[in-house]
There are 2 protein chains.
Amino acid sequence: MDSFFEVIGIEDAVAMAGRFEPVATEEVALEEACGRVLADNVLADVDIPGFDRATMDGYALKAASTFGASESSPAFLTVVGEVRMGKAADVAVGPGQAVRIATGAMLPPGADAVVMIEHTERLDDTAIEVYKSVAPGQHVIEAGEDVARGQVVLAAGRRIRPQEAGILAAAGCRQVTVFCRPRVGIVSTGDELVDAGRVPGPGQVRDINSYSLAGQVMEAGALPATFGIATDDPKDLEEKCRRALEATDMVLISGGSSVGNRDFTIQVLEGLPQSRILVHGISISPGKPTILASCSGKPVWGLPGHAVSAMVVMAAVVRPFIDRLAGLDSSGQLVPTVTARLARNLASAQGRVDFVRVRLRKGADGSLEAVPIPGKSGLIRTMVEADGLVAIGQHSEGLDAGTMVNVQLI
Amino acid sequence: MDSFFEVIGIEDAVAMAGRFEPVATEEVALEEACGRVLADNVLADVDIPGFDRATMDGYALKAASTFGASESSPAFLTVVGEVRMGKAADVAVGPGQAVRIATGAMLPPGADAVVMIEHTERLDDTAIEVYKSVAPGQHVIEAGEDVARGQVVLAAGRRIRPQEAGILAAAGCRQVTVFCRPRVGIVSTGDELVDAGRVPGPGQVRDINSYSLAGQVMEAGALPATFGIATDDPKDLEEKCRRALEATDMVLISGGSSVGNRDFTIQVLEGLPQSRILVHGISISPGKPTILASCSGKPVWGLPGHAVSAMVVMAAVVRPFIDRLAGLDSSGQLVPTVTARLARNLASAQGRVDFVRVRLRKGADGSLEAVPIPGKSGLIRTMVEADGLVAIGQHSEGLDAGTMVNVQLI
């Protein structure tokens with residue numbers, strides 16, 4: 001098989017997501033919507049706010065009534081009433097008049113500004129002095145200033161953060177149409193693997209990937225489902241893959257994807273229904289021998305077996321791939337990266353993107369330093385010690401100590 | 001009351017967490033542990049790995065048998081067997097001998113290195129030539145190299161990321177003792193508020209904070225519980241606060257904390273059982289009129305009513321406060337910040353930390369720019385447009401365009 005496939009770049013691997021159907025959509029209550037991806041544009045059913053609204057405690061008035069007012073020459077106004085919170089103002093404001101108002105209340109007819117209570121002095125029940133002039137619109141949020149009725153509040157493809165939940169509430173959107181969370185099946189392979197609940201015998205190790213990959217799937221907003229450990233028997237792996245394919249939208253197999261003598265993942269994938277190998281090798285290190293196949297119209301990944309390699313491929317390739325399947329419009333998406341100064345020289349081979357694990361620490365001058373963590377990709381401890389990954393581009397031979405680097409938090 | 005309280009700094013407000021009991025602990029299955037905070041140190045019950053392990057496909061041998069080997073002068077070795085994956089090697093390796101081995105398998109007795117299959121040529125069933133010398137330990141993970149038996153794998157107070165879930169699996173930790181998720185009660189106050197499910201009448205607006213604050217509570221790894229909208233009637237607010245206090249570990253009240261005429265949150269808080277006001281005013285903008293009280297030994301926050309102000313106080317103060325209650329050891333904790341170039345001058349008042357909403361965009365040279373979003377703190381839209389917050393320190397009068405700033409993603 002190998003000869004038919006060229007190693008492809010990370011972006012091309014992620015772009016393979018375009019060959020698959022995005023997940024279906026569902027309605028959820030607004031309370032459950034945080035973290036989900038919006039499937040439809042949401043329009044405001046009303047102006048937000050629905051009326052001119054005071055942003056300070058004080059007096060609503062015509063700004064013109066205060067023009068020229070100062071400490072030495074206050075404006076004198078007649079108080080003609082008070083606005084009750086949550087009610088329509090029942091009194092209008094004319095020139096030289098003021099209405100008492102609290103933050104958040106509706107401006108009375110005729111008023112176009114609010115003077116802060118701190119800039120006034122009450123003379124008696126119906127008279128105040130104003131020591132400062134206000135401009136029209138001052139201390140007022142206008143009707144529809146936050147969102148105008150009929151306007152698109154949020155566009156489809158957007159991830160709902162707490163503030164998006166807030167604006168959906170303001171738009172009266174108690175039920176939200178979102179993309180379903182992609183269900184992701186996880187299969188670990190290898191005769192040497194035993195579950196975390198067992199004590200490994202000679203030659204055996206506990207299965208790490210079923211847990212670390214499930215964690216990464218959850219962080220991507222998707223739903224992991226584990227299908228256990230397949231032995232190095234093609235029938236066992238095929239049976240577990242079939243079950244995973246039936247129950248989920250995407251399958252992750254870890255182990256068995258390098259070129260050694262027990263590497264039969266690709267043969268098993270080729271034997272699955274409507275199977276086609278799309279990717280066999282990505283120019284990334286660690287993680288080069290990654291496979292992507294389409295089986296029954298669903299993506300199936302063959303990830304490296306080493307815990308670190310599998311996690312790096314997840315962070316760099318599979319995570320953005322899941323985002324696309326999940327309906328996320330990633331055009332404006334930001335991967336949270338921390339800028340830090342590299343503490344040590346890093347060598348790198350050209351022709352691939354090297355991902356180096358780093359720990360972050362405060363340097364002598366208080367700025368952040370990224371300290372590379374040496375260690376084999378079979379050592380999960382190196383990921384536990386790491387705060388993030390630094391990518392060294394494929395045209396780079398390495399980075400010098402002192403270079404500012406972007407650290408992708410993991 | 002006000003005269004008794006000085007406005008305090010953000011860090012002092014967060015440090016008030018030390019006056020409260022941290023939440024209790026519970027056992028959860030490892031599958032459920034991601035995102036939780038570890039409550040006990042976890043020790044490895046075995047060496048990880050339990051044996052010297054090959055990291056490449058090839059031949060296990062004594063490194064000395066290859067010394068001096070090269071393309072022009074290969075070493076000649078006798079193949080005495082093969083290691084089966086997941087089994088103890090049943091054959092020992094002597095000088096001049098080699099045993100076939102796959103990635104992840106257990107080294108046989110006598111072997112101290114692995115030569116990659118690519119650097120060998122098979123002559124017949126029992127003989128190979130080796131074209132490259134290997135050093136002792138090469139292509140081998142030693143027993144206990146990842147984690148040694150009895151070593152602390154993870155310390156209490158640590159947040160469990162996917163890689164921590166992985167190392168817990170390797171340590172045989174199927175059940176994990178974690179801190180409970182703090183339960184956080186949420187009460188919105190104001191006669192002007194109606195729930196998102198209703199159409200606001202004149203003077204009314206929909207309640208945003210119950211949804212946006214719940215989202216932020218979830219992002220903090222805590223469990224939100226909403227107790228509805230309290231009218232501007234002290235009895236109603238007191239009754240909702242009592243119910244929230246009984247059912248949760250901490251209560252957030254939003255609205256009613258400024259100095260205006262309807263601001264009775266503080267009176268209600270003072271009337272709650274075993275009540276003591278700890279903070280009345282934080283040197284932060286927006287969000288200065290924030291209150292923190294201790295009621296029946298539990299923290300109760302009075303947050304500003306404006307949606308943006310409440311979210312900023314949550315991000316800057318309440319989130320790290322929750323982390324402490326949740327048992328997180330935040331000594332090494334990193335707030336994910338993105339470094340960007342400020343696109344515009346920003347003025348700021350001294351004596352408080354100003355939080356400015358910014359949008360991130362790629363500048364002409366490809367580097368990130370932070371573009372301040374103007375707008376009143378009553379406009380939730382400005383938070384929806386924002387990617388993050390820039391804090392301007394309390395001793396700063398502002399920042400010049402072009403300054404590199406840290407953007408806290410929100």
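What counts, and where the lines are drawn
Residues numbered from 1 in each chain as written. Chains lettered and ligands numbered in written order. Predicted model: local features only at pLDDT ≥ 70, side-chain atom pairs only at ≥ 80, totals over all residues. Helix = DSSP H or I, 4+ residues; strand = E, 2+ residues; numbered from the N terminus. Buried ≥ 20, exposed ≤ 12 C-beta atoms within 10 Å, placed from the backbone. Contact = placed C-beta atoms within 7 Å. Pairing = 2+ DSSP bridges. Axes fitted to C-alpha atoms, helices over the stretch in contact; angles between N-to-C directions. Domains from an automatic or database assignment. Nonpolar A, V, L, I, M, F, W, Y, C, P; charged D, E, K, R; others polar. Parallel < 35°, antiparallel > 145°, perpendicular 65-115°, else oblique. Left-handed = near helix turned anticlockwise from the far one by under 90°.

Before going further, it helps to spend a moment on the overall build of chain A. Broken down by element type, chain A carries seven helices and 28 strands. Reported as C-alpha extents along the three principal axes, the dimensions of chain A are approximately 95 × 50 × 40 Å. Every one of the 410 residues in chain A was classed for burial, and the buried ones make up 52%. Residue pairs at least 24 apart in sequence account for 70% of intrachain contacts in chain A once pairs closer than 6 positions are excluded.

Another aspect to go through is helix 3 (residues 209–219) of chain A. In terms of burial, helix 3 of chain A is a largely internal element, nine of the 11 residues being buried. Buried within helix 3 of chain A we find Asn209, Ser210, Tyr211, Ser212, Leu213, Ala214, Gly215, Gln216 and Val217 of chain A. Contacts made by the buried residues of helix 3 of chain A are with strand 13 (183–189), strand 16 (223–230), strand 17 (250–254) and helix 6 (307–325) of chain A together with helix 2 (162–170) of chain B. Positioned one or two residues after helix 3 of chain A, Gly221 of chain A has a phi angle of 80°, which is positive.

Time to look at the sheet that holds strand 20 (residues 291–295) of chain B. Residue and element names in this part refer to chain B. Taken together, the six strands give an open sheet; going across it, the order is 16-13-17-21-20-18, and neighbouring strands pair in mixed fashion. Since the sheet does not close on itself, it has two edges, and those belong to strand 16 (223–230) and strand 18 (275–280), each with one partner. Along the sheet, successive strands turn relative to each other by an average axial angle of 20°, direction set aside. For strand 20 and strand 21 (residues 298–303), the ladder comprises five bridges, and the chain directions are antiparallel. Bridge assignment links Ser294 to a residue of strand 21, and that residue is Pro299. Packed onto the sheet, helix 4 (residues 234–247) meets strand 13 (183–189), strand 16, strand 17 (250–254), strand 20 and strand 21 and runs at close to 165° relative to strand 16.

Below, the discussion takes up the environment of Ala102 of chain B. Residue and element names in this part refer to chain B. Mapped onto the elements of the fold, Ala102 is located in the loop between strand 6 (97–101) and strand 7 (113–116). On the neighbour-count criterion, Ala102 (24 C-beta atoms within 10 Å) is buried. For the pair formed by Ala102 and Arg361, sequence separation is 259 residues and the distance between their alpha carbons is 48 Å.

Turning our attention to the pairing of strand 8 (residues 120–124) of chain A. Residues and elements named next belong to chain A. Where strand 8 lies against strand 9 (residues 127–130), four bridges are found, and the strand directions are antiparallel. Bridge assignment links Asp124 to a residue of strand 9, and that residue is Ala127. Counting the residues in the hairpin turn of strand 8 and strand 9 gives two residues.

A separate point is the domain arrangement of chain A. Residue and element names in this part refer to chain A. Split by domain assignment, chain A resolves into domain 1 (2–23 + 180–332), domain 2 (25–48 + 145–179), domain 3 (53–141) and domain 4 (337–409). For domain 1 versus domain 2, the distance between C-alpha centres works out to 33 Å. The interface of domain 1 with domain 2 comprises eight residues on the first partner and nine residues on the second. Residue composition of the side of domain 1 that touches domain 2, grouped by class: five nonpolar, two polar and one charged.

All names here are of chain A. Of the two faces of strand 9, only one is covered, namely that formed by Ile128 and Val130; the face formed by Ala127 and Glu129 stays uncovered. Pairing of strand 5 (residues 75–82) with strand 9 involves four bridges; the strand directions are antiparallel. For Thr78, the partnering residue across the bridge sits in strand 9 and is Ala127.

Further remarks concern the interface of chain B and chain A. When the parts come together, some accessible area is lost, and that loss is often what is quoted as the size of the interface. Listed by partner, the interface residues are 77 residues for chain B and 77 residues for chain A. Those elements that place two or more of their residues in the side of chain B that touches chain A are helix 2, strand 15 (205–206), helix 3 (209–219), helix 6 (307–325), strand 22 (337–342) and helix 7 (381–384) of chain B. If one sorts the elements of the side of chain B that touches chain A by residue count, helix 2 of chain B sits on top with eight residues. When its residues are assigned to classes, the side of chain B that touches chain A shows 37 nonpolar, 22 polar and 18 charged.

Now for unusual backbone geometry. Put simply, Ile48 of chain A and Pro49 of chain A share a cis peptide bond, and its omega is -10°. Within the secondary structure, Pro49 of chain A sits in the loop between strand 2 (42–43) and strand 3 (53–54). Unlike most non-glycine residues, His139 of chain A shows phi in positive territory, near 55°. You can see His139 of chain A is positioned in the loop between strand 9 and strand 10 (140–141). According to the C-beta neighbour criterion, His139 of chain A is buried, with 21 such atoms within 10 Å. Even without glycine at this site, Ser296 of chain B takes up a positive phi of about 50°. Inspection of the secondary structure puts Ser296 of chain B in the loop between strand 20 and strand 21. Taking the C-beta count within 10 Å as the criterion, Ser296 of chain B has 12 such neighbours and is therefore assigned exposed.

Now for the sheet that holds strand 20 (residues 291–295) of chain A. Two pairing modes exist for strands in a sheet, parallel and antiparallel, and in both the strands are linked by backbone hydrogen bonds. Residue and element names in this part refer to chain A. Across the sheet, which stays open at both edges, the six strands sit in the order 16-13-17-21-20-18 with mixed pairing between neighbours. With one partner strand each, in any of the chains shown, strand 16 and strand 18 (275–280) form the two edges of the open sheet. Each neighbouring strand pair of the sheet contributes to a mean axis angle of 20°, computed without reference to strand direction.

Residue and element names in this part refer to chain B. Running from N to C, helix 3 and helix 6 cross one another at 20°; their axes reach a closest spacing of 10 Å. The angle between the axes of helix 3 and helix 6 places the two elements in the roughly parallel class. Crossing angle aside, the handedness with which helix 3 passes helix 6 is right-handed. Between helix 3, through Asn209, Ser212, Leu213 and Gln216, and helix 6, the contact on the second element is made entirely by Ala307, Ala310, Met311, Met314 and Arg319.

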